[in-house]
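# Structural features, examined
Here are the chains, one letter per residue:
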Amino acid sequence: MHAFKYHRASSANEAASIVARNGEARFLAGGQSLVQMMKLRFVSPSDLVDLGSIKDLAGIKADGSGVTIGAMTRHAEVAGSAEVRKAIPALAALAGTIGDRQVRNMGTLGGAIAHADPAADYPAAVLGLGATIHTNKRKIAADDFFKGMMETALQPGELITSVSFPVPKRAAYMKFKNQASRFAIVGVFVADTAGGVRVAVTGAGPCVFRSKELEAALSKSFTAQAAAGVKVSDKGLNKDLHASPEYRAHLITVMAKRAVQSIA
Amino acid sequence: MGAPLIGARIERKEDYRFLTGAGQYTDDVVLPGQTHAVFVRSPHAHAKIRSIRKDEALKKPGVLALFTGEDLAAAKVGGLPCGWLITDVNGQPMKEPAHPCLAQGKVRYVGDHVAVVIAETLEEAHEAAEAVHVDYEVLPSVVDTASASSKGAPQLHENAPDNTCYVWAIGDKSVVDKAFAGAAHVTRLDLVNNRLIPNAVEPRAATGAYSRADQSYTLYVSNQNPHVERLLMTAFVLSLPEHKVRVVAPDVGGGFGSKIYIYAEDVVVTWAAKQINRPVKWTAERSESFVSDAHGRDHVTVAEMAMDKDGKFLAMRVHTTANVGAYLSTFASCVPTILYATLLAGQYTTPVIYCEVKAVFSNTTPVDAYRGAGRPEATYVVERLVETAAREMKLDPAEIRRRNFIRSFPYQTPVALCYDTGDYEATLDGALKLADVAGYAARKKASEAKGRLRGLGYAAYIEACGIAPSAVAGSLGARAGLFEAGEVRVHPTGSVTVFTGSHSHGQGHETTFAQVVADRLGIGIESVDIVHGDTSKVLFGMGTYGSRSIAVGGTAIVKALDKIIAKGKKIAAHLLEASESDIEYDRGVFKVSGTDKQKMFGEVAFAAYVPHNYPHDKLEPGLNENAFYDPANFTFPAGTYVCEVEIDPDTGKVSVERFTAVDDFGKIINPMIVDGQVHGGLTQGIGQALTEGCIYDKDSGQLLTGSFMDYSIPRADDVPSFKVDTRETPCTHNPLGVKGCGEAGAIGAPAAMMNAITDALGVKDVPMPATPQTVWRALQNKKAA
Ligand SMILES: Cc1cc2nc3c(=O)[nH]c(=O)nc-3n(C[C@H](O)[C@H](O)[C@H](O)COP(=O)(O)OP(=O)(O)OC[C@H]3O[C@@H](n4cnc5c(N)ncnc54)[C@H](O)[C@@H]3O)c2cc1C
């Protein structure tokens, strides 16, 4: 790790302005992705701006129509939240499967989606539920947020403040884990929402994406058989030591089938 | 005195220290004035070094020194030696290319040591290391075991044509070929024993220090055998007088073989400490461990078994290519030969066996002993063959084993070893019962009802432990003895410190050995401390590997205890005014037989150190004895493992539903510690079968599984709750009757696992590790066929 300057910001504005002024500065949330990359010397920010003391960035608010979760809310808080469990059980369950206990006690929602690891879990829920990302500058629809491999719509210095998730009729997340990293080789979030069926896939491509084939089939019939009948194309899917595009495509169908099975 | 301590489940004395964070590992050792070393490593699998530019790095803040291979060559620092000479089929010595501590003009694997930067702080050393500019001319590389010696493969060493270190063989090929020609059935398997990366929880670390006051060196190092490290370093590498070098291997957080060896880093920090006249510390980062700790296994094998019509084994023929990596690590040469081919008889009476082994160099991290060392590879060959033969001949896999078990002992195998004792039927029967094999059919049905595939697999392994009779080892090429040393120091007030040449890095010697000592002397276990791991305290030692500690190290201690008791009797006889032959020693008390005259152990100890009333004409004062023990034979732990898996055909995921191990380790000192050793070994064996795939890129020679993101060591949720039990045939040639238990699990588990997986899938073979993708593909191929 290279040396860096540490700042503890006391407000979102202060944090954003430090990062906006300095192209080499980065926000520090849970540090569960950023610090790893720094230790491996993949990134060497000149300054880290710790968001941990900014009170209004953390917390969970739920009303009848949705759940709003502060960017600095830890995975463990979401997993354990009675409100989230009641409103969107699939979201709480997803948070409970991220990494291990230590990671869940440190990692945050904002950090996870800003980092946009192609195999991260939260992006599947954000996209699958059609959530809205709130930043210090604007609101961004989930469909416009994830742009590519670790690439988002965030501008330099733009700070995620919270994410609001509309409550679906029903939803479920199934993931097939990489044995080594325990990240998703394929994770499928299926949601039956007011606006129709949404199916978001993480781990399989360079970036989380919606599966139009599965959405079409499940819109016609929200059943496990309908999902099982979909042959997902392997075009553009990731290829690595653990899974070929063909295997990933197959797993998307299997995970979608199992997700639907668990709620249909 | 209370209940016998041998055989008691005593909680480990060392655990208080470890669980409360009070362990002292090499990296915890902080010496005054200590500096930090960072190694510049090769990013290429194979390259010529055109030049190394030091100037920029040397200008960085805090930098104290920067050394390269040229500096070591100028100082006449030697290369790393190999401790075992293998003679090839033509009577020629194996090829032993130079193994420099810092590269001399060429690098041969990703991670090869190119230079060392020493600075005031670790960060400064890292910054400077990044500023060392090495100009490489990248050469084509070869990483693949099967093709490393093929024509046209890039050559690693000038003096090892075709990248071949040796071709070695055991057995009479013509006799074996003849037996095959007359066989009713031949089973053949093409097997790959996958390369593994050890990953002890404590990474390797070394801190070297030099004292101008007495021109002596001290090396703290995370190592399994400090005396051997010192011997090799002083005699072969640094040409230092042995008495001027102290090697301390303090608490060591796991080794699994990977810390047996002398490594370049150990030499460099020791040498550099004198150059800069300050202590030099190096601790591996995990990414460095992946590329620089010696790897394990990596065999490609064609194995055949010939049988008569009843499934009786007539002959076995095995051809193995073993990848030794880029250079010969300390014991690399004996692992795929002496520790492998000699175990191919397994538990069976196979009358003739031929095995040929070709060892090849490749552009990969050196390969050496890893938990089991050769014996897991042998068991994999034998037990996969046996189970496959049973399937092909439609015999029950337990039955085919019974038909071939060795039943009378001692038994001379056709591959050099002579088994002293065993009862293979007992462990097999025990395992079948404990595993509830009788209920398997119902469990298989239940799995099928859920759409899952279920499979059952056995492995009846044997291993040669208690390494080793020095004369035998010497005749087979060992360049060291393989005895062990122990010292029992009785203090004036009767407490005891025992110094052992064995080394504990997780095995629990501080408890097991103390149980032996306390039991033999009949004193409380709290009065016994075990000291190991410091050449300035322990008289000598060959260290811990090959499940040798209790059988060889423990026996050395017992022999020293016998001397203590013998001397104690003389002292007691004097004190009790009796004849020595009338003195008995029983659980802490010296008695005149048939009388009530007695002296406690502590009283005798006191008399030895405060010798006012003492037989000075016949005896020296004091109560301190040494013993060296060179074993008469290897020991032969054996057992049967039964594994049951369930496979999800949609994803290919294998779940280990049940795993049963019934082992014969001879006499057991602490069953709780033995259970722990078995659990750990099984987990590593399951890891090899299920999760651990070390993969190099064929074109670039890069290690693709260079972190825990891609290399999967097994975790608690990968393994079931094990069912373990033991049977006991005491070893016939050591006084404790012990055989050793440290490696068994890792030796037997892979074959049992893969026998179960192939059974579930209904295929002949699946490569290890049977990852979900691999299993899914096997099912797709089967469907397509
Ligand atoms: C061992 C381990 C296992 C893991 N397993 C999983 C897993 O199974 N599934 C999974 O999804 N993840 C996993 N993770 C990643 C984990 O979820 C991380 O916590 C998460 O990806 C990043 O969140 P963080 O709060 O730690 O962010 P940080 O690491 O602090 O930051 C990540 C990036 O986001 C930026 N950032 C942080 N907060 C904001 C914000 N509010 N606005 C704008 N930018 C911001 C930072 O500047 C940085 O670039 C694992 C991590 C580890 C160490």
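Just so we're clear, the structure is a prediction, and the values are computed from it rather than from any experiment.

### Quick look at the overall build of chain B
- Each helix and strand in chain B was counted, giving 19 helices and 28 strands.
- The globule rule puts the C-alpha radius of gyration for 785 residues at 28 Å, and the 27 Å found for chain B is close to it.
- With the C-alpha coordinates aligned to their principal axes, the bounding extent of chain B is approximately 90 × 70 × 50 Å.
- Counting over 785 residues, chain B shows a buried share of 63%.
- A separation threshold of at least 6 residues defines the contact pool for chain B, and within that pool the share at least 24 residues apart is 81%.

### Side note on the overall build of chain A
- Each helix and strand in chain A was counted, giving twelve helices and 14 strands.
- Here the C-alpha atoms of chain A give a radius of gyration of 18 Å, agreeing with the 18 Å that 2.2 N^0.38 yields for 264 residues.
- C-alpha extents for chain A along the principal axes are approximately 55 × 45 × 30 Å.
- Expressed as a percentage of its 264 residues, the buried residues of chain A come to 56%.
- Here chain A displays about 11,400 Å² of accessible surface, and carbon together with sulfur accounts for 52% of that area.
- Separation of charge centres in chain A, based on 32 positive and 21 negative side chains, amounts to 4 Å.

### Topic: the side chain of Thr 145 of chain B
- As for its position among the elements, Thr 145 of chain B is in the loop between strand E6 (133–138) and strand E7 (164–170).
- Beyond its immediate stretch of four places on either side in the chain, Thr 145 of chain B contacts Asp 298, Val 300, Thr 321, Ala 322, Asn 323 and Val 360 of chain B.

### Topic: the domain arrangement of chain A
- Domain assignment breaks chain A into domain 1 (1–54) and domain 2 (170–263).
- Measuring from the centre of the C-alpha atoms in domain 1 of chain A to the corresponding centre in domain 2 of chain A gives 34 Å.

### Section: the pairing of strand E15 (residues 352–361) of chain B
Residues and elements named next belong to chain B.
- Here E15 lies mainly inside the structure; seven of its ten residues are buried.
- Pairing of E7 with E15, which is carried by six bridges, proceeds in the antiparallel orientation. Bridging from a neighbouring strand, Trp 168 pairs with Val 357 of E15.
- Pairing of strand E14 (residues 313–325) with E15 involves ten bridges; the strand directions are parallel. Bridge assignment links Met 316 to a residue of E15, and that residue is Ile 353.

### Topic: the pairing of strand E9 (residues 205–211) of chain B
All names here are of chain B.
- Of all the seven residues making up E9, six are buried; the element is thus mostly covered by neighbouring parts of the structure.
- Across four bridges, E9 lies against strand E12 (residues 280–283) in antiparallel orientation. Residue pairing for E12: Thr 207 is matched across the bridge by Lys 281.
- Between the end of E9 and the start of strand E10 (residues 216–221), which pair antiparallel, lie four residues, with Gln 215 showing a positive phi angle near 50°.

### So, the packing of helix H15 (residues 549–575) of chain B against helix H16 (residues 601–609) of chain B
Residues and elements named next belong to chain B.
- The N-to-C vectors of H15 and H16 enclose an angle of 85°; their axes lie 10 Å apart at closest approach. Judged on the interaxial angle alone, H16 and H15 are roughly perpendicular. The segment H15 lies against H16, with Ile 564, Gly 568, Ile 571, Ala 572 and Leu 575 engaging Phe 601, Val 604, Ala 607 and Ala 608.
- When the residues that make up the contact of H15 with H16 are grouped by side-chain class, the tally is eight nonpolar, one polar and no charged.

### Remarks on the domain arrangement of chain B
All names here are of chain B.
- Along its sequence, chain B is carved into domain 1 (32–139 + 202–253 + 259–292), domain 2 (390–467 + 634–784) and domain 3 (483–629).
- Taking only C-alpha atoms into account, the centre of domain 1 sits 38 Å from that of domain 2.
- Across the contact, eight residues belong to domain 1 and nine residues belong to domain 2.
- Across the domain 1/domain 2 interface, buried area totals approximately 580 Å², and carbon plus sulfur atoms make up 67% of it.
- On the domain 1 side of the contact with domain 2, Ala 45, Val 110 and Phe 290 bury the most area, a combined 69% of that side's loss.
- For the pair domain 1 and domain 2, the interface holds zero salt bridges.
- Counting the contacts that link domain 1 with domain 2 gives one residue pair in polar contact (both at pLDDT 80 or more).
- The residue makeup of the side of domain 1 that touches domain 2, split by class, is five nonpolar, two polar and one charged.

### Some details on the site of the ligand
Residues and elements named next belong to chain A.
- Around the ligand, the surrounding shell holds 31 residues, and the nearest of these are Arg 26, Phe 27, Gly 31, Leu 34 and Thr 108.
- Separating a nitrogen atom of the ligand from a side-chain N or O atom of Asp 121 is a distance of 2.8 Å.
- Here the ligand has 970 Å² of accessible area as a free molecule, and 91% of this is covered by the chains.
- Of all the elements in the fold, those that place two or more residues in the shell around the ligand are strand E2 (25–28), helix H2 (34–39) and helix H7 (109–115).
- In the shell around the ligand, the residues fall into 14 nonpolar, twelve polar and five charged.
- The two domains that each donate at least three residues to the shell around the ligand are domain 1 (1–54) and domain 2 (170–263).

### Section: the interface of chain B and chain A
- Between chain B and chain A, the residue contacts involve 28 residues of the former and 23 residues of the latter.
- In total, chain B and chain A occlude about 2,000 Å² of area from one another, counting both sides; carbon and sulfur atoms represent 48% of this.
- The largest per-residue losses of area from chain B upon contact with chain A belong to Asp 650, Gln 773 and Trp 776 of chain B, which jointly make up 28% of the total buried on that side.
- One can count six salt bridges joining chain B with chain A.
- Of the charged contacts, one joins Arg 182 of chain A and Asp 717 of chain B as a salt bridge, the two residues approaching to 3.0 Å between their closest N and O atoms.
- Our count for the contact surface shared by chain B and chain A stands at 17 residue pairs in polar contact (both at pLDDT 80 or more).
- Among the secondary structure elements, those contributing two or more residues to the side of chain B that touches chain A are helix H4 (122–130) and helix H19 (772–784) of chain B.
- In terms of residue class, the side of chain B that touches chain A is made up of eight nonpolar, eight polar and twelve charged.

### Topic: the environment of Ala 441 of chain B
All names here are of chain B.
- Along the chain, Ala 441 turns up in helix H12 (residues 440–449).
- Exposure remark for Ala 441: the relative accessible area of 54% places this residue in the exposed category.
- Along the primary structure Ala 441 and Arg 454 are separated by 13 residues, whereas in three dimensions their C-alpha atoms are 9.6 Å apart.

### Looking at the pattern of salt bridges
- Taken as a whole and judged by the stated rule, the model has 70 salt bridges over all chains.
- Here Arg 248 of chain A and Asp 240 of chain A are joined by a salt bridge, their closest N and O atoms 2.8 Å apart.
- A single salt-bridge network, built from bridges that share partners, covers Lys 257 and Arg 258 of chain A together with Asp 436, Arg 443, Lys 450, Arg 452, Arg 454, Glu 644, Glu 646, Asp 648 and Asp 650 of chain B.

### Description of empty space enclosed by the protein
Residue and element names in this part refer to chain B.
- Within this structure, the stated rule accounts for eight cavities of 30 Å³ or more.
- Taken as a whole, the largest cavity holds about 110 Å³ of empty space.
- As for the largest cavity, its lining consists of 14 residues, of which Leu 80, His 99, Ile 262, Tyr 263 and Pro 366 are closest to the centre.
- Of the voids in this model, the second largest cavity is the one considered here, and its volume is about 70 Å³.
- Together, Arg 297, His 299, Ala 322, Asn 323, Val 324, Ala 332, Val 335, Pro 336, Val 367, Asp 368 and Glu 377 line the second largest cavity.
- Looking at the lining of the second largest cavity element by element, the count peaks at three residues for E14.
- Here the lining of the second largest cavity is composed, by residue class, of six nonpolar, two polar and three charged.

### Structural notes on the packing of helix H9 (residues 375–392) of chain B against helix H10 (residues 397–404) of chain B
Residue and element names in this part refer to chain B.
- At a minimum axis distance of 8 Å, the contact between H9 and H10 shows a crossing angle of 115°. Taken together, the axes of H9 and H10 lie roughly perpendicular to each other. In this structure, H9 meets H10 at a crossing whose hand is right-handed. Residue-level contacts link Glu 383, Val 386, Glu 387, Ala 389 and Ala 390 of H9 to Pro 397, Ile 400 and Arg 401 of H10.
- Here the contact of H9 with H10 is composed, by residue class, of five nonpolar, no polar and three charged.

Thresholds applied
- Residues numbered from 1 in each chain as written.
- Chains lettered and ligands numbered in written order.
- Predicted model: local features only at pLDDT ≥ 70, side-chain atom pairs only at ≥ 80, totals over all residues.
- Heavy atoms only, no water.
- Helix = DSSP H or I, 4+ residues; strand = E, 2+ residues; numbered from the N terminus.
- Rg over C-alpha atoms; globule rule 2.2 N^0.38 Å.
- Buried < 20%, exposed > 50% of the residue type's maximum accessible area, 1.4 Å probe, protein only.
- Contact = heavy atoms within 4.5 Å.
- Areas by Shrake-Rupley, 256 points an atom, 1.4 Å probe, with all protein chains shown as cover.
- Lys, Arg positive; Asp, Glu negative; His and termini not counted.
- Charge placed at Lys NZ, Arg CZ, Asp CG, Glu CD.
- Domains from an automatic or database assignment.
- Pairing = 2+ DSSP bridges.
- Axes fitted to C-alpha atoms, helices over the stretch in contact; angles between N-to-C directions.
- Parallel < 35°, antiparallel > 145°, perpendicular 65-115°, else oblique.
- Nonpolar A, V, L, I, M, F, W, Y, C, P; charged D, E, K, R; others polar.
- Buried area = accessible area lost by both parts, 1.4 Å probe.
- Salt bridge = Lys/Arg side-chain N within 4 Å of Asp/Glu carboxyl O.
- Polar contact = N/O pair within 3.5 Å; in protein donor to acceptor, adjacent residues only side chain to side chain.
- Near = heavy atom within 4 Å.
- 1 Å grid on protein atoms, 1.4 Å probe; cavity = no way out; pocket = protein on both sides within 12 Å on 5 of 7 lines; lining within 4 Å.
- Points joined across faces, edges and corners; volume = space filled by probe spheres on them.
- Left-handed = near helix turned anticlockwise from the far one by under 90°.

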